[in-house]
Amino acid sequence: MHKLLFTISILITYSFYGQEDYSSFYFEDSQPSNVSSIFEIQDSYLGSYYKQNDSLVRIIIEKDSIYTEFGILFIISQEELKKNKSITIENSLVHGIQPNRGIPFKIIEDTIYAVLIQQDLLFKPDSNHILKQQKNNYFLNSKNEKGYFSTTLLSLQSDTLMLKEIDHLEVFNLLQKIKIFKEVEQNNIKTYIANPTQNELNIFIREQGFSDLLKYHL
């Protein structure tokens, strides 16, 4: 059985000559550091948004949580259907792909195309996931095991939802403008930590420091 997986993000594999070439970036505190955390997203954001150029991937925003949803496409030939006794068709559903549940399918030129929808929690405010809002931006802060934070910007412009993350190597010159910016090294692996003031964070955002952009549409 052939299987094509459509996911919420694109995985990029880098080739390194040694561990010293690898690095990561975090904020020292949840951002913006002087803004109180919140636990709900305003009503105007709520709904389902499809990823640009890939409608099998979408984001679902609820008042207190954000989910990602993607489809796994199964392609089954008639020959394979005859050979594989664990896969059957009943009541217009394909059984044997998902435990105890059938999934919808379509037949095109004697080939079965079935889509299994998967849903994963992307963000929900709690002690390790800090939600903050400033003007038109929501800040999705996630704490790692060291207590540092990775931060994603969430914003809505008309019917376009935008998720922005930091590629620290791409915007390293902007990060170096932050006064409190340090390097921690463990086992030849570098971690860069920034603790910007409110003004420094605003400048970093304005100068496109959150450069890794994904767009979703209603």
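Residues numbered from 1 in each chain as written. Predicted model: local features only at pLDDT ≥ 70, side-chain atom pairs only at ≥ 80, totals over all residues. Heavy atoms only, no water.

Further remarks concern the overall build of the protein chain. A count of helical and extended segments in the protein chain gives three helices and 16 strands. Against the compact-globule benchmark of 17 Å for 218 residues, the protein chain has a radius of gyration of 22 Å, which places it well outside the compact range. Burial statistics for the protein chain: of 218 residues in total, 38% are counted as buried. The contacts of the protein chain with a sequence gap of at least 6 include a subset with a gap of at least 24, amounting to 61%. (Helix = DSSP H or I, 4+ residues; strand = E, 2+ residues; numbered from the N terminus. Rg over C-alpha atoms; globule rule 2.2 N^0.38 Å. Buried < 20%, exposed > 50% of the residue type's maximum accessible area, 1.4 Å probe, protein only. Contact = heavy atoms within 4.5 Å.)

Enumeration according to the criterion identifies five salt bridges in this entry. With its nearest N and O atoms 3.3 Å apart, the salt bridge here joins E207 to K177. Taken together, the positions of E207 in the loop between α3 (198-206) and β16 (212-217) and K177 in the loop between α2 (172-175) and β14 (181-186) put the pair 30 residues apart, joining distant regions of the chain. A relative accessible area of 36% places E207 in the partly exposed class. Look at K177 and you get exposed, because its relative accessible area is 53%. (Salt bridge = Lys/Arg side-chain N within 4 Å of Asp/Glu carboxyl O.)

Turning to the side chain of E200, a few remarks are in order. With respect to the helices and strands, E200 occurs in helix α3. Engagement of the side chain of E200 in a polar contact is seen with the backbone nitrogen of K179, the distance being 3.0 Å. (Polar contact = N/O pair within 3.5 Å; in protein donor to acceptor, adjacent residues only side chain to side chain.)

In this section: the packing of aromatic side chains. Enumeration according to the criterion identifies six aromatic pairs in this entry. Relative to F181, the ring of F172 has its centre 5.7 Å away and its plane inclined at 70°; by these criteria the two rings are edge-to-face. Pairing F204 with F210 gives two aromatic rings, centres 5.6 Å apart and planes at 70°, and the pair type is edge-to-face. Take F204: its relative accessible area is 3%, and that puts it in the buried class. (Phe/Tyr/Trp six-rings, centres within 6.5 Å; stacked < 30°, edge-to-face > 60°.)

So, on to α3. Of the positions making up α3, those classed as buried are E200, L201, F204 and I205. The arc that holds the buried residues of α3, viewed along the axis, is 135°, so those residues lie on one side. Across from the buried face of α3, at angles greater than 90 degrees, the exposed residues are N199 and R206. Where α3 is buried, its residues contact β11 (137-143), β12 (149-157) and α2. One or two positions beyond α3, positive phi appears at Q208, with a value near 65°. (Arc of directions from axis to C-beta.)

None of this, on its own, says anything about what the molecule does.
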